[in-house]
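# Inside the fold
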Protein chains: 4
Amino acid sequence: MTSFSDIRPLLAEQAIELPSWAFGNSGTRFKVFGTPGTPRTIQEKITDAATVNDYTQLAPAVALHIPWDKVDDYAALREFAAEKGVRLGTVNSNTFQDDVYKFGSLTHVDDAVRRRAIDHHLECIDIMHETGSRDLKIWLADGTNYPGQGDMRGRQDRLAASLGEIYARLGDEQRLVLEYKFFEPAFYHTDVPDWGTSYAQVTALGEKAMVCLDTGHHAPGTNIEFIVMQLLRLGKLGSFDFNSRFYADDDLIVGAADPFQLFRILVEVVRGDGYGADSPVAFMLDQCHNVEDKIPGQIRSVLNVQEMTARALLVDRDALDAAQSAGDVLGANDVLMDAFYTDVRGDLAAWRESRGLAGDPMRAYLASGTQERIAAERVGGTQSGWGA
Amino acid sequence: MTSFSDIRPLLAEQAIELPSWAFGNSGTRFKVFGTPGTPRTIQEKITDAATVNDYTQLAPAVALHIPWDKVDDYAALREFAAEKGVRLGTVNSNTFQDDVYKFGSLTHVDDAVRRRAIDHHLECIDIMHETGSRDLKIWLADGTNYPGQGDMRGRQDRLAASLGEIYARLGDEQRLVLEYKFFEPAFYHTDVPDWGTSYAQVTALGEKAMVCLDTGHHAPGTNIEFIVMQLLRLGKLGSFDFNSRFYADDDLIVGAADPFQLFRILVEVVRGDGYGADSPVAFMLDQCHNVEDKIPGQIRSVLNVQEMTARALLVDRDALDAAQSAGDVLGANDVLMDAFYTDVRGDLAAWRESRGLAGDPMRAYLASGTQERIAAERVGGTQSGWGA
Amino acid sequence: MTSFSDIRPLLAEQAIELPSWAFGNSGTRFKVFGTPGTPRTIQEKITDAATVNDYTQLAPAVALHIPWDKVDDYAALREFAAEKGVRLGTVNSNTFQDDVYKFGSLTHVDDAVRRRAIDHHLECIDIMHETGSRDLKIWLADGTNYPGQGDMRGRQDRLAASLGEIYARLGDEQRLVLEYKFFEPAFYHTDVPDWGTSYAQVTALGEKAMVCLDTGHHAPGTNIEFIVMQLLRLGKLGSFDFNSRFYADDDLIVGAADPFQLFRILVEVVRGDGYGADSPVAFMLDQCHNVEDKIPGQIRSVLNVQEMTARALLVDRDALDAAQSAGDVLGANDVLMDAFYTDVRGDLAAWRESRGLAGDPMRAYLASGTQERIAAERVGGTQSGWGA
Amino acid sequence: MTSFSDIRPLLAEQAIELPSWAFGNSGTRFKVFGTPGTPRTIQEKITDAATVNDYTQLAPAVALHIPWDKVDDYAALREFAAEKGVRLGTVNSNTFQDDVYKFGSLTHVDDAVRRRAIDHHLECIDIMHETGSRDLKIWLADGTNYPGQGDMRGRQDRLAASLGEIYARLGDEQRLVLEYKFFEPAFYHTDVPDWGTSYAQVTALGEKAMVCLDTGHHAPGTNIEFIVMQLLRLGKLGSFDFNSRFYADDDLIVGAADPFQLFRILVEVVRGDGYGADSPVAFMLDQCHNVEDKIPGQIRSVLNVQEMTARALLVDRDALDAAQSAGDVLGANDVLMDAFYTDVRGDLAAWRESRGLAGDPMRAYLASGTQERIAAERVGGTQSGWGA
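Residues numbered from 1 in each chain as written. Chains lettered and ligands numbered in written order. Predicted model: local features only at pLDDT ≥ 70, side-chain atom pairs only at ≥ 80, totals over all residues. Heavy atoms only, no water.

### Some thoughts on helix 14 (residues 370–377) of chain D
Residue and element names in this part refer to chain D. Looking at helix 14, one finds that the buried residues are Thr370, Gln371 and Ile374. Around the axis of helix 14, the buried residues are gathered within 100 degrees of arc, so they sit on the same side. Along helix 14, exposed side chains directed more than 90 degrees from the buried face belong to Glu372 and Ala376. Structurally, helix 14 contributes buried residues whose contacts are with helix 2 (42–56), helix 9 (294–314) and helix 13 (361–368). (Buried < 20%, exposed > 50% of the residue type's maximum accessible area, 1.4 Å probe, protein only. Helix = DSSP H or I, 4+ residues; strand = E, 2+ residues; numbered from the N terminus. Arc of directions from axis to C-beta. Contact = heavy atoms within 4.5 Å.)

### Describing the pattern of salt bridges
Per the counting criterion, the structure on display carries 122 salt bridges over all chains. The shortest N-O distance in the salt bridge between Arg264(A) and Glu225(A) comes to 2.5 Å. Taken together, the residues Arg264(A) in helix 8 (residues 259–271) and Glu225(A) in helix 7 (residues 224–233) connect sequence positions 39 residues apart. Residue Asp241(B) pairs with Lys137(B) through a salt bridge whose shortest N-O separation is 2.7 Å. Placement of Asp241(B) in strand 9 (residues 237–242) and of Lys137(B) in strand 4 (residues 135–139) is noted, with a sequence separation of 104 residues between them. Salt bridges linked by common partners bring Arg29(A), Lys181(B), Glu184(B), Asp249(B) and Asp251(B) together as one network. (Salt bridge = Lys/Arg side-chain N within 4 Å of Asp/Glu carboxyl O.)

### Details of the interface of chain D and chain B
Each partner contributes to the interface: chain D provides 54 residues, whereas chain B provides 54 residues. Of the roughly 4100 Å² buried between chain D and chain B on both sides combined, carbon and sulfur atoms contribute 61%. Area buried by chain D at its contact with chain B is led by Arg153(D), Phe226(D) and Arg233(D), which between them contribute 16% of it. One can count four salt bridges joining chain D with chain B. For the interface between chain D and chain B, the tally reads 20 residue pairs in polar contact (both at pLDDT 80 or more). For the side of chain D that touches chain B, the secondary-structure elements that each account for two or more residues are helix 5 (152–169), strand 7 (189–190), helix 6 (195–205), helix 7 (224–233), helix 8 (259–271), helix 10 (317–325) and helix 11 (329–341) of chain D. In terms of residue count, the dominant contributor to the side of chain D that touches chain B is helix 7 of chain D (seven residues). Class assignment for the residues of the side of chain D that touches chain B results in 24 nonpolar, 19 polar and eleven charged. (Buried area = accessible area lost by both parts, 1.4 Å probe. Polar contact = N/O pair within 3.5 Å; in protein donor to acceptor, adjacent residues only side chain to side chain. Nonpolar A, V, L, I, M, F, W, Y, C, P; charged D, E, K, R; others polar.)

### Side note on a negative patch on the surface
Residue and element names in this part refer to chain A. Judged by side-chain charge, Asp72, Asp73, Glu79, Glu83 and Glu130 come together as a negatively charged surface patch. Summarising the element assignment, Glu83 is placed in helix 3 (residues 74–84). What makes Glu83 exposed here is its relative accessible area of 62%. (Patch = residues over 30% accessible without salt bridge, like charges linked within 9 Å, V, L, I, M, F, W, Y side chains within 5 Å. Areas by Shrake-Rupley, 256 points an atom, 1.4 Å probe, with all protein chains shown as cover. Lys, Arg positive; Asp, Glu negative; His and termini not counted. Charge placed at Lys NZ, Arg CZ, Asp CG, Glu CD.)

### Quick word on the sheet that holds strand 2 (residues 61–65) of chain C
All names here are of chain C. Around the barrel, which closes on itself, the eight strands sit in the order 1-2-3-4-6-8-9-10 with parallel pairing between neighbours. Within this sheet the neighbouring strands show an average axis-to-axis angle of 30 degrees, counted without direction. The strands touched by helix 6 (residues 195–205) are strand 6 (175–179) and strand 8 (209–214); relative to strand 8, the strand with the most contacts, the crossing angle is about 160 degrees. (Pairing = 2+ DSSP bridges. Axes fitted to C-alpha atoms, helices over the stretch in contact; angles between N-to-C directions.)

### Observations concerning the side chain of Asp151(D)
With respect to the element layout, Asp151(D) can be found in the loop between strand 5 (143–144) and helix 5. In this structure the side chain of Asp151(D) is engaged in a polar contact, spanning 2.7 Å, whose partner is the side chain of Arg271(B). With near-sequence residues (within four places) excluded, Asp151(D) lies in contact with Arg271(B), Arg317(B) and Gln324(B).

### Describing the relation of the copies chain D and chain B
With an RMSD of 0.0 Å, the fit of chain D onto chain B corresponds to turning through 180 degrees and sliding 0.0 Å along the axis. Taken together, the rotation and translation relating the two chain copies correspond to the operation of a two-fold axis. In terms of proximity to the rotation axis, the leading residue of chain D is Gly196(D), whose C-alpha is 2.0 Å off the axis. A shared binding surface is used by both copies, with 100% of the interface residues of chain D retained as interface residues in chain B. (Least-squares fit on C-alpha atoms with pLDDT ≥ 70 in both.)

### Overview of the interface of chain B and chain C
Across the boundary between the two partners, chain B contributes 32 residues, which contact 31 residues of chain C. Together chain B and chain C conceal approximately 2300 Å² of surface at their shared face, both sides included; 58% is due to carbon and sulfur atoms. Counting the surface chain B buries against chain C, the share from its top three residues, Leu330(B), Tyr341(B) and Arg345(B), is 28%. Its salt-bridge partner being Arg345(B), residue Asp338(C) comes within 2.8 Å of it at the nearest N-O pair. Where chain B meets chain C, there are four residue pairs in polar contact (both at pLDDT 80 or more).

Structure below.
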């Protein structure tokens, strides 16, 4: 079997982008609970993200959300982040919170609204040049609530046209990743509901357009690792939005709801050359910490990804291939489960310590007094949330 | 076959409670869109509900939500409603929007929080005496997001104790209805997730406690009409919260997503003596009009219930029984489908006109200029929504 | 609004292929119940299919399943069908009942098994030349039951290679349609689980390869009409396998479980030019009549499709476009619902009578004595089922 | 934290019943694959079950299925089992494979059919006296495929009456456990679809009637451990049918699809005093080994239950309670996950060896040559399957 020492060099290649909005307040339509210490500014969000990276060395980048994270001077923001030890990552557009987008944005039947939505994305690309971001991530809230409310076909065609304009503006090193989502906030149809639609749309655009797979955006029972395999095979897996779910788009901590599913996903990532410094696949979190503290929530998240990646790397590929080829159902499954059930936590702690980190980053963070300090300091102002 | 004239007397017995909050703004965690003409006060909500009743004669009562609809003088509110031609109906408690309820209310591990939640319900019962309401409806947002976060067993026991205190305060003519919900806002477990739990809890309380069935609160694929049948059989169906859904608790207009399901539900209601003036079953709406206008949304909703009730009443029970007894699968199904596919709209229009109503209430409302008038009048103030 | 007379010419263009196996016995893993009158031979199946066509003029073709419907002389079979008034249609391959396919067929890791599966399809193409069939339909049971059992990526690549060999053998007028299925008989992964995979595979093959959409082969909650729209938009919707379901691949009578869904599907078919004599889309049934009689089950099925097609054609496109463009959510939905709630049965009966058919084909069939006659005649021999 | 040595005494109390039918062939409606070495008789099935017990000491009983396992002399069968080191356990009735049950059994509208189904259960009770079995397990295939096909209410009432007759025949030490199932083989409604229905029915019967929870018989997303908690709280959890699933009632090896779910279930079992020698809860497997070998499949299954039980027992209840009481979401979750991620396999191997067993029962079995021996010996005759 593959041993932990075999995978040590690979572990250092792990990098997970943190979403700036994970540090702000979030909740459900019923209530958003506030938390002491929640950032009031993008600088405080970046500071918190950098804290996660300080304790884990797993999170070197922060994804931005425009307009929530808009600033006057992106060069200064970039420098601010660099001083904190992180860089600015993927830029996320937002066409779901302006009143004008009530019935759609890039798919809207009204050209004026569609123009506005396209222009917003062009502005995002401009920002990306300043922040040094590679990826423009587009998640559309577009959709309808009632059969007949919209013409799905016309909307799809307009989406293609809108994306074409946005794609044309991309720089040579920039990419567009199109996220799909099964439902919510639209409850009858969404305009990019599944990987097939995202794939068809980005394939029509060109090489710089890829699919973004959010692990919470599928129908019940969907075999997500199959989609991972397929998109890697087709050369179109651009990025992950990691989180977990029991029901819908619950946006829980990655690995919390079904750790074995996360393992299977990472096994396919490794299998399909989606892991490592040279991979085109961006690993990001997209989560909401509705009831738990946010910084430790993010620490737990990146540790979960790291622990599961380690297990995925431990899979004995030769033994697996042999069992698969022999039609040895139980033997092949056992090879996989052996890696999954291996407790990698001790080895990872030692590895972290060898790199100057605390063996248990969560415990170290909790003991550091940081949480109490920011709770005391960050009084007054408006806590960040969805919308700011 | 049963003819329309056979069912005319029964149609007059239909009464559907409208939720006050359906006239306020609602939305998703992503965005709440405002609408011109949205009420600013409970009086304006009642006025709008009365408008729905004026056009349909189907909605004689308005359900209240405490504290959203709190007033100083409930007697005056009751009189206000009476003048508008409606009465105050079910009182809905709310233990999900106060910060103290972040980790539960009637199930909370902290007795002080639990006390507060119980007291809130006792206050609701006091209000019910003033408003003349029969039913206290309890929907709990209680639950957890992560395995281990709470002790489900202890929470269930505390729920039983809390409900016991509330039940003890009910007047002789009052009832408690306990609503269940599959998930949301909690994403790992909810404390009353299914009809079985609600049934076990209300059975332990006594005769005045019943189950409230919200048609959007089930797992995918659940046969809801079976539950309707079972609860009627067990004598424990207290009320319906009608709405419809394609995915989760979408809260769309009743009958919009799956009209045939609404038909099957109403067939079981009729079959189990749940329909009519003497039935203990309260029919209520619980919907959100996120993107459509609210008054016409409610008009459409009560009309959908009425049309489907008419179809359910049209089912030829004798022919159905005969086919069922004979093992004639297709014949029995045909009897049901024959009623479902019957276009009752013309007959219902004539029946309405015979009662002094417009044959097409929706068209009449839209032509009345009411929507334009309230949009012009209701300027300034704060539009109602979840929270006020 | 569109009137029934407007759509009369279009109704005559409706043609639905019947599956030969729908006339044989079927059931679940728990039990297959026999029925008096079940065919023993392909000739009797064709005779029954022709009976359905005699009463409805909706079912001019019979789909074959190889090897279940293998004969020595296909020319004779073709002539037999022609004498009965029907033609031989789509040929369905079968790589799931031979012991050798336990771990896969076109995806198998063993080249010898894969060769056999490919050769089976080449034989099917040979048969198609003799039967005059246009379409080779491939539904794969390939998949695995346990994580790790197979290498999903390798299987996908081998599938592509296998399909390439089959595709190369197609005649100029022949097509390959690749069906996808969410799960069953494999319970962890299936090799063609979703439309995206089928689309990616057939796109790689060429113009003569299309997707087959079985309405029962999706995850819970999937918006099927969206997929219909998308595949028509992409020019890749080759055929439908119609049936209905409450839970999984229940294979119930089309339109029985959710008639409104069938309506929405057909609305998108019409919207996307998928209906009519010139359309490339083949309409087929793929159902199991486990507990109901088979011939009347098929009659009911084609009538359901016809009635729902009529409603879909009745949609007032101009009014719909106007409401959609105006953002009139309720108005647009009303246009759709108006067509759905229109009772077309009387008009269709009159239209049938004008064409020399019984107005109520089901009643006419039941009164004809055919069912009793075949029950009496078809004694002895082995009733057909899955396997023969 | 709880240490492995703390839980050693408890591990010895684990006992899991094996289903006789797991050793026979099984499959899907598409195909049942045979396997070399499959038993031809109940004696061979018992022999195989005893083999599983020989290697694991976890499986001291074999559940029977009547009529599949009918013999002339149950006393002799009991003795045969005892000689093999196992006892005869739960008796499973079967009212789904006789033609007369096409439209139901205990719920049938025809009294004669219902009489026959009741009598079958009385016969099962007679057999139980001879086999020394405590539990009569009733899983009903009863249900309908089409709305209207049956009168659900009447069926439910007849079910209650039928169960009453059966219950009355139980001996003082005997129990009736009623299993529920979401769907299949019925595809519209099943007569015992959920735990609520089973609970209501068995509560009406009396103390000797309990609920049987099959882990594969729920709607997608159902929180099964909540039901476990609730039934234990209500004193009505009689037994488990363990298996796992990704989609429907897949009947895969327990723990294979979602090991974390199995862990959570066992945590609630332990929490609710459902584990141990004095518990009223019977642990059984109910699985199908469609593509894997059967004896090793069962060995893997009982090991999975044992490993996960060990993890559940390792949960540090004090730390968990403290974190739960403090509202420490992440801390409480961490306590749970710490137990789940602990690799108990080494400790369990040592514990087994201390009891004279092989440390790795699976490897020991595979090395024993048993599989090859029975494959060579069991030639001729008819392999067992569903039906014999």
